[in-house]
Amino acid sequence: MGNTRQYKTLVTAGEVIDNTFTNKNTDPVLVSNNTIVLSELAHIRPLLGDKFYAELKLENDTDALSANNQILMDFYLQVAESWFVRFEVINDIMSNITSSGVVHNLDEFSNVITPSDYNTFKQDTYRKAEIFANDMMDFLNGADQKGLYPTFESNKPKSMSNTYKNHGMIFYDSIFGYNGIEGCMTCGTNYVNGNNCGCNDC
């Protein structure tokens, strides 16, 4: 994979605010490029695989997205990524690191929420991000899209749910060939790699 860090982010701070923030007047400066990149690396690249992620980054940077990749970006990826960015940026918006330590960002009309409420709020943000991410992956893996995303199809990362044991170690993915158990993205049936589960969308 080439140097994808040289390319612009898949979403902008303004798009994150428009897609996920109730207060549309939130200062975009609070959503830094580094946080957006961190979110891409932590949440989006593992789903898409290195090669397809790099393809999207390059095409997006040069404003040369293919028609199919543009559909993926417009209807699925940017929304999912926006919610993951919100999840990652919540701590920075709520608090600030100063020479005096970590302090809460408050104005005269605000109150700090309880730790319990904060955890609920953050986990709900992540839940929404996962819903959009799962919808994106269902779209990419659907039978209707077969052949439309060749880079993704030929370089699919193994599902994090398809773990297997080898000599007491648990493996989530491998650069080596794997002839173990796969899982159908549509019906959820497990089957031996190289075969299929028998459903029409496998």
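Bear in mind that the values here come from a model prediction, so they are computed numbers and not experimental data.

Non-glycine residue aspartate 63 carries a positive phi angle of around 55 degrees. Relative to the assigned elements, aspartate 63 resides in the loop between α3 (50–61) and α4 (67–94). Of the residues examined, aspartate 63 reaches a relative accessible area of 66% and is grouped as exposed.

The subject of this paragraph is the nonpolar core. Formed by 23 residues in total, the largest nonpolar core has its most connected members in Leu48, Phe52, Leu72, Leu77, Met136 and Leu140. Elements represented by at least two residues in this core include exactly α2 (33–48), α3, α4 and α5 (115–141). Looking at this core element by element, the count peaks at eight residues for α4. Other than its neighbours up to four places away in sequence, leucine 72 contacts Phe52, Leu56, Leu77, Met136, Phe139, Leu140 and Tyr149. Counting residues in each nonpolar core, the second largest holds nine residues, with Val16, Ile17, Ile36 and Val89 among its members.

Closest axis-to-axis distance for the α2/α5 pair is 11 Å, and the angle between their directions is 20 degrees. Here α2 is positioned roughly parallel relative to α5, judged by the angle of their axes. Here α2 and α5 pass one another in a crossing that is right-handed. Contact residues: His43, Leu47 and Leu48 in α2; Tyr126, Ala133, Met136, Met137 and Leu140 in α5. Of the residues assigned to the contact of α2 with α5, the class counts are seven nonpolar, one polar and no charged.

Enumeration according to the criterion identifies seven aromatic pairs in this entry. Their ring planes at 70 degrees and their centres at 6.0 Å tell us that phenylalanine 52 and tyrosine 149 sit as a pair that is edge-to-face. Of this pair, phenylalanine 52 sits in helix α3 while tyrosine 149 is found in the loop between α5 and α6 (150–154), placing the two residues 97 residues apart along the sequence. Residues phenylalanine 52 and tyrosine 149 agree in their burial class; the two are buried. The interplanar angle of 55 degrees and the centroid separation of 4.9 Å between the aromatic rings of phenylalanine 87 and tyrosine 126 together place this pair among those described as tilted. Of this pair, phenylalanine 87 sits in helix α4 while tyrosine 126 sits in helix α5, placing them 39 residues apart in sequence. Among the residues examined, phenylalanine 87 registers a relative accessible area of 14% and is labelled buried. Taken together through their ring pairs, the aromatic side chains of Phe52, Tyr76, Phe139, Tyr149 and Phe152 make up a single cluster. In this structure, lysine 122 is placed above the aromatic ring of phenylalanine 87, and the distance from its NZ or CZ to the ring centre is 4.9 Å.

Turning our attention to the confidence of the model for the protein. The share of residues in the protein with pLDDT of 70 or more is 70%, and the mean pLDDT across the chain is 83. Mean pLDDT across the elements of the protein ranges from a minimum in strand β3 (residues 164–166), with 51, to a maximum in α3, with 97.

Applying the stated criterion across every chain, the model contains five salt bridges. Of the charged contacts, one joins glutamate 40 and lysine 57 as a salt bridge, the two residues approaching to 3.0 Å between their closest N and O atoms. Of this pair, glutamate 40 sits in helix α2 while lysine 57 sits in helix α3, placing them 17 residues apart in sequence. One exposure class covers both glutamate 40 and lysine 57, and it is buried. Ionic pairing is found between aspartate 124 and lysine 128, a salt bridge with its closest N-O pair at 3.0 Å. On the criterion of helical spacing, the pair formed by aspartate 124 and lysine 128 is a turn pair, its members being four residues apart in helix α5. Among the residues examined, lysine 128 registers a relative accessible area of 26% and is labelled partly exposed.

Time to look at the side chain of asparagine 60. With respect to the helices and strands, the residue asparagine 60 is situated in helix α3. Judged by its relative accessible area of 11%, asparagine 60 falls in the buried class. In contact with asparagine 60, other than residues within four places in its own chain, are Lys8, Thr9, Leu10, Leu65 and Met73.

About the criteria used
- Residues numbered from 1 in each chain as written.
- Predicted model: local features only at pLDDT ≥ 70, side-chain atom pairs only at ≥ 80, totals over all residues.
- Heavy atoms only, no water.
- Helix = DSSP H or I, 4+ residues; strand = E, 2+ residues; numbered from the N terminus.
- Buried < 20%, exposed > 50% of the residue type's maximum accessible area, 1.4 Å probe, protein only.
- Core = buried A, V, L, I, M, F, W, Y, C linked by side-chain atoms within 4.5 Å.
- Contact = heavy atoms within 4.5 Å.
- Axes fitted to C-alpha atoms, helices over the stretch in contact; angles between N-to-C directions.
- Parallel < 35°, antiparallel > 145°, perpendicular 65-115°, else oblique.
- Left-handed = near helix turned anticlockwise from the far one by under 90°.
- Nonpolar A, V, L, I, M, F, W, Y, C, P; charged D, E, K, R; others polar.
- Phe/Tyr/Trp six-rings, centres within 6.5 Å; stacked < 30°, edge-to-face > 60°.
- Lys NZ or Arg CZ within 6 Å of the ring centre and 35° of its normal.
- pLDDT = per-residue confidence, 0-100.
- Salt bridge = Lys/Arg side-chain N within 4 Å of Asp/Glu carboxyl O.

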